[in-house]
Structure formats: structure tokens, C-alpha cells
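# Understanding the architecture of this molecule
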Amino acid sequence: MILPPFLKPGDKVGVISTSNYTEQPYIDQMVQILKDWQLVPVLGRSIGARHGSFAGSDTLRKDDLQEMLDNDQLKAVLETMGGYGIVRVIEQVNFNKFKYGPKWLVGYSDTTFLHSHVQGMLGIASIHATMAADLEAGYQAQSWETLRKALFGESLTYQVKPHALNREGISEATMVGGTISVLCNAKGTMTEVNTNGKILFLEEVGEKHFRLDSYLLSLKQAGKFEYVKGLVVGDLVDIQEDEPPFGKTPEEIVWDAVKEYDFPVCFGFPAGHGQVNKALIFGAPVKLKVSPKGASLAFKL
């Protein structure tokens, strides 16, 4: 995996909405955070645009992403919101220039499509982290500070509390993953995630119990857990009960999908659609250690 150059004060960074529309006050707040980090935000044409639920038409969002990827002056491109939309444009984007001049791509949720694409197709690392839309729930210092550390290449190490479903073990590999439903929807496309020999991160929001189960079984049947070196389970937020009840918690549904394997499993990592969304560097080497005392995750940059 190729790690793009880490940032330094004075660097220009793109701010873009490749998926759903983001309310302007949260973009303004994100811009100020970046300025406080002594970075120079450059707003894309999708900022402020609107076409239905999207941040502009497919053509506008595709062209905006293309311009950001091709702009040699930008050292990172930060998405403002997830939702839905990247899958409508990603196969029309040319990554040739980005391949030879990589920069950090930042976001989560629908941005999972971008993460998997640049890692699988190009072998380039990216950052799973908070976005402008998260500011609607208020500023979370933990989330934004870990993103700052990731962008600037500072030490990134986490401790996670014990969980009853954890499986002990130690593993070291690069990390991939993202939102479970997005990873499932990308199967069979050029954006399909490659989990072989990787530590996999999974999170989800707003699904029914049975649908979460179906996504995980689909990934399992596609061999996505077969050669995994470790699993980190993040937020499973607003997973709605079925009628009649499905009979398992969201965590138990995940566990049932992976219990037959022997890789270490860590539940409860604070990343994804929850209140705190700590940054993860997909494509960077990371050491996962799970013990009765909890788990640790240490990135090697």
C-alpha cells in the first residue's frame, strides 16, 4: 500500500460533496476547523449545489471529484457527507493522475466506495473519519483530533474496552473496510473490497436486524471472511428490531457470521455512525491485540 504524503501547515485541501447534500452551516464549521489546523480549504463546485437529495447532478459531482483528484496543489480531499451517490459516478472517474500523485481521501459511510476503490485498484491508503455532516450533532473533539493526527502523520494508537464477544489474539496487517451494506453492494464491481490478508473494519447504521444478517451472510458466502487476519467491529447504530423479533442483537449477528474462524475479533470500537468517530487509516499497517483486558489498535506510519 502507498501512503500519500502527510500534511503540513499551509497545505491546501479540497472539500467536496460527492454524495448527498450537506447543509452549509456544517460545511462552514468544517472549513473553520481546517483553518484552525493551518490548512487552506479549497471548496469544490458541489459545495452548495443541490439536485434532489444529491449535492448537484451526477455530472457535476463526477467532474468535481475528477478536478479534486487531478489538482496537484491539493494534499487531501475531504468529503462532507455520506448517504448515497458515489456509486453513481465512480466508474466514470479517471484515477490515472491520482495514481502517480496520490493524496489523502477522507470520509466514511458512502465514502466506503472510494476507500475500497483506491485501495483495491491502486493500492493507495485513505482515511476513514468524521465529516462535516457529523457537526449537526455537535463538535466532537475526539473525532476531529484523531483526523488531524491521521492527516499530519502523528502517532495513532487506541485502547478499547473489553467486550463479551471479543476473540483474543494478535494480528498485524493493513486495514480495509467500512459500512457493511456498502461493502456488500460493491461485490462483483471494480470497487469490490479485497479482504485477503487484511484486518477488516465493519460498521453499520439504520438497517433491520434481518437485513444486517443478510449483508453479512452475503459477504461470508463471497469469501470475504475466509482469509481475514482480524476483525474490528465499530458502531452498529439504530439497527431496528424486526416483527416478529429476529432473536439476536446486532453484535450477535456479526459474531454468528465470523465465529467459525480463528482471527482476533474486537467489538465496540468507536468509529462509524455513532457519536464519536475516531479516525482509521485504511491501507496503513496496524497491529491489533485483543486480550481479556480489552483491545488495542496501533497504526504504524
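Quick summary incoming for the structure in this document.

## Some thoughts on unusual backbone geometry
The amide bond that connects Glu-243 to the next residue, Pro-244, takes the cis arrangement and shows omega of 5°. Looking at the element boundaries, Pro-244 is found in the loop between strand E9 (230-237) and helix H8 (250-258). Not every positive phi belongs to a glycine, and Ser-109 is a case in point at roughly 65°. The exposure class assigned to Ser-109 is buried, which follows from its relative accessible area of 10%. In this structure, Asp-238 takes a positive phi of about 55° despite not being glycine.

## Notes on the packing of helix H7 (residues 209-221) against H8
Here H7 crosses H8 at 20°, and the two axes come no closer than 9 Å. On the basis of the axis angle, H7 is roughly parallel to H8. Read as a crossing pair, H7 and H8 show a hand that is right-handed. Between H7 and H8, the contacting residues are His-209, Leu-212, Asp-213, Leu-216 and Lys-220 on the first element and Pro-250, Ile-253, Val-254, Asp-256 and Ala-257 on the second. Counted by class, the contact of H7 with H8 contains 6 nonpolar, 1 polar and 3 charged residues.

## Some words on the pairing of strand E13 (residues 294-299)
Moving residue by residue along a regular strand, the side chains alternate between the two faces of the sheet. Burial runs high along E13: 5 of the 6 residues are buried. Two elements, strand E6 (residues 157-160) and E13, share 4 bridges in a ladder whose sense is antiparallel. By the bridge assignment, Gln-159 is partnered in E13 with Ser-296. Both strand E12 (residues 285-291) and E13 contribute to a ladder of 6 bridges, which runs antiparallel. Along E13, the bridge assignment pairs Val-286 with Phe-299.

## Structural notes on the nonpolar core
The nonpolar side chains of soluble globular proteins are, as a tendency, buried together. Formed by 47 residues in total, the largest nonpolar core has its most connected members in Leu-151, Met-175, Leu-280, Leu-297 and Phe-299. In contact with Leu-280, not counting residues within four places along its chain, are Ser-126, Ile-127, His-128, Tyr-158, Met-175, Phe-201, Phe-269, Ala-271, Leu-297 and Phe-299. Counting 25 residues, the second largest nonpolar core, distinct from the first, contains Val-193, Ile-239, Val-254 and Tyr-261.

## Let's talk about the packing of aromatic side chains
Enumeration according to the criterion identifies 8 aromatic pairs in this entry. Taking 6.4 Å as the distance between ring centres and 65° as the angle between the ring planes, the aromatic pair formed by Phe-225 and Tyr-261 counts as edge-to-face. In this pair, Phe-225 is assigned in the loop between H7 and E9 and Tyr-261 in the loop between H8 and strand E10 (265-266), connecting sequence segments 36 residues apart. Residue Tyr-261 is classed as buried on the basis of its relative accessible area of 13%. One Lys or Arg, Arg-167, reaches over the ring of Phe-263 and ends 5.3 Å from the middle of that ring.

What counts and how
- Residues numbered from 1 in each chain as written.
- Predicted model: local features only at pLDDT ≥ 70, side-chain atom pairs only at ≥ 80, totals over all residues.
- Heavy atoms only, no water.
- Helix = DSSP H or I, 4+ residues; strand = E, 2+ residues; numbered from the N terminus.
- Buried < 20%, exposed > 50% of the residue type's maximum accessible area, 1.4 Å probe, protein only.
- Axes fitted to C-alpha atoms, helices over the stretch in contact; angles between N-to-C directions.
- Parallel < 35°, antiparallel > 145°, perpendicular 65-115°, else oblique.
- Left-handed = near helix turned anticlockwise from the far one by under 90°.
- Contact = heavy atoms within 4.5 Å.
- Nonpolar A, V, L, I, M, F, W, Y, C, P; charged D, E, K, R; others polar.
- Pairing = 2+ DSSP bridges.
- Core = buried A, V, L, I, M, F, W, Y, C linked by side-chain atoms within 4.5 Å.
- Phe/Tyr/Trp six-rings, centres within 6.5 Å; stacked < 30°, edge-to-face > 60°.
- Lys NZ or Arg CZ within 6 Å of the ring centre and 35° of its normal.

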